[in-house]
Amino acid sequence: MKEITAQDEISLHRNGFLEYDVDPELDLFVEIQKLKKEKNAVILAHYYQDGDIQDIADFVGDSLQLSQEAARTSADIIAFAGVHFMAETAKILSPNKKVILPDLKAGCSLSDSCPAPIFAKFKEKYPDHIVVSYVNCTADLKTLTDICCTSSNAVHVINSIPKDKGIIFAPDKNLGAYLEKVTGRKMILWNGACMVHEIFSKERIAKLKHQNPEAIIIAHPECEEPVLAMAEFIGSTSQLLNFTKKKEYNSFIVATEAGIIHQMERASPQKTFIPAPPNNHCACNECPHMKRNTLEKLYICLKYELPEVVLSQEVIQKSRACIDRMLEISEKAGLK
Ligand code: 13P
Ligand code: SF4
């Protein structure tokens with residue numbers, strides 16, 4: 001393995017990845033397959049990654065499926081094509097494996113909205129409450145959490161808590177409000193949101209629906225309430241994908257990050273998928289954090305096994321319990 005130079009350190013720190021030129025003649029699909037075999041590495045990719053990354057991954061899934069896969073893999077290296085909190089979760093579940101992320105700066109606005117030291121103070125105000133955190137949060141926040149959840153299992157997690165117990169839900173206020181509605185539980189909600197799901201325009205979706213009356217509006221629960229109110233189906237990325245496979249529907253307006261449409265089109269090539277528009281004319285229905293990962297960065301990161309996601313033993317130990325509880329609840333409910 002190449003020695004890491006001072007210049008490499010600078011590029012890792014400044015850019016979040018090693019700044020090496022990749023020969024444009026290289027067939028990255030072939031090279032990445034070779035590296036994976038040589039190093040006994042596995043590539044896990046989230047549905048919001050670019051299509052080429054999803055195509056080369058060993059496993060593509062939603063946050064719950066990716067954490068289940070990270071816990072069960074026998075590979076020596078996990079190359080995580082997703083964002084930082086996802087790679088941290090993989091490290092917590094597989095502490096003896098090397099976890100690498102193509103770009104260390106692939107963050108998450110939701111995760112950033114809830115800094116652990118501020119949350120710790122907030123939590124002190126509700127000493128008898130159970131803390132449920134959406135998995136989209138830092139490992140440090142997970143150390144302050146009783147049970148984690150993803151959008152696939154959040155309803156099961158909330159329903160597993162005795163009715164007389166108060167709940168603090170962090171960091172997503174939109175998912176929290178949706179859960180309050182579905183479970184009938186009132187919770188203390190942290191005021192965070194996802195920059196991508198928050199930007200969908202109710203008016204522009206209504207216009208699209210008017211132009212495409214046969215299209216079914218489907219939405220992720222990270223969307224704001226007015227968009228969720230228009231949706232005919234609400235679910236996590238994998239639940240949305242499964243819904244689109246149903247025979248009876250042929251056309252969809254998709255209110256979540258547009259990367260999921262890659263798998264929807266692969267599964268149902270004859271159907272139509274219209275990305276829900278944001279409230280301006282930017283490409284804001286693409287997550288800029290997820291999209292920091294590229295095939296070139298994935299190749300470099302596998303080749304040099306950098307950047308690596310490192311957590312202290314203390315954080316790993318303290319954050320693991322809330323993820324294990326979530327996985328137990330999911331297993332009991334038969335969620336995959
Ligand atoms: P899921 O894939 O679990 O639905 O999560 C969506 C998301 O926003 C991930 O960052
Ligand atoms: Fe975070 Fe939203 Fe991007 Fe998911 S889509 S990683 S919640 S900013």
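Preceding this section is the structure that the text describes.
This one's a predicted model, so the numbers in the text were calculated from it and none came from an experiment. (Residues numbered from 1 in each chain as written. Chains lettered and ligands numbered in written order. Predicted model: local features only at pLDDT ≥ 70, side-chain atom pairs only at ≥ 80, totals over all residues. Heavy atoms only, no water.)

## Some points on the site of ligand 1
The line we're drawing: Here, proximity means that at least one heavy atom of the residue falls within 4 Å of the molecule or strand. The term polar contact refers here to a pair of N or O atoms within 3.5 Å; inside protein, the definition further demands a hydrogen-donor-capable atom paired with an acceptor-capable atom, and it admits residues adjacent in sequence only when both atoms are side-chain atoms. Here, Shrake-Rupley sampling with a 1.4 Å probe gives the accessible areas, and only protein chains in the shown set may cover a residue. As a working rule, the residues Ala, Val, Leu, Ile, Met, Phe, Trp, Tyr, Cys and Pro are called nonpolar, Asp, Glu, Lys and Arg charged, and the rest polar, with Gly in that last group.
Taken together, 13 residues form the shell around ligand 1, and within it His 46, Ser 63, His 220, Glu 222 and Thr 237 come nearest. Contact distances for ligand 1 include 2.7 Å between an oxygen atom and a side-chain N or O atom of His 46. Out of a free accessible area of 300 Å², ligand 1 has 96% covered by protein chains. Looking at the shell around ligand 1, its residues break down into four nonpolar, seven polar and two charged.

## Thoughts on the site of ligand 2
Taken together, the neighbourhood of ligand 2 is formed by Tyr 48, Val 83, Cys 108, Ser 109, Leu 110, Asn 136, Cys 194, Val 196, Glu 222, Cys 287, His 289 and Met 290. Within the shell around ligand 2, the residues separate by chemical class into eight nonpolar, three polar and one charged.

## Topic: a negative patch on the surface
Definition in use: Every patch collects residues that have over 30% relative accessible area and no salt bridge, joining them within 9 Å if they carry like charges and within 5 Å if they are nonpolar side chains (Val, Leu, Ile, Met, Phe, Trp, Tyr). What counts as a salt bridge is simple: a side-chain nitrogen of Lys or Arg found within 4 Å of a carboxyl oxygen of Asp or Glu. Here Asp and Glu are counted as negative and Lys and Arg as positive; His is not counted, and neither are the chain ends. Throughout, a charge is located at the NZ atom of Lys, the CZ atom of Arg, the CG atom of Asp or the CD atom of Glu. Secondary structure elements follow DSSP: runs of H or I no shorter than four residues count as helices, runs of E no shorter than two count as strands, and numbering proceeds from the N terminus. Here's how the labels work: a residue is buried when its accessible area is under 20% of the maximum for its type, exposed when over 50%, partly exposed in between, all with a 1.4 Å probe on protein chains only.
A cluster of acidic side chains, namely Asp 50, Asp 52, Glu 286 and Glu 296, defines a negative patch on the protein surface. Its location among the elements puts Asp 52 in helix α3 (residues 51–56). Residue classification places Asp 52 among the partly exposed positions, given a relative accessible area of 31%.

## Quick notes on the sheet that holds strand β6 (residues 147–149)
The following threshold applies: By this definition, two strands are paired if DSSP reports at least two bridges between them.
Read from one edge of the open sheet, four strands run β6-β5-β7-β8, paired in parallel fashion. Only two strands of the sheet have a single partner each, and these edge strands are β6 and β8 (188–189).

## So, the sheet that holds strand β11 (residues 251–255)
Think of a sheet as strands paired side by side through backbone hydrogen bonds, with each pair either parallel or antiparallel. The strand order across the open sheet built from four strands is β10-β9-β11-β12, with neighbouring strands paired in parallel fashion. The sheet terminates laterally at β10 (233–234) and β12 (272–275), the two strands that pair on one side only. Bridging between β11 and β12 involves four bridges; their strand directions are parallel. Looking at β12, one finds that Ser 251 is bridged to Thr 272.

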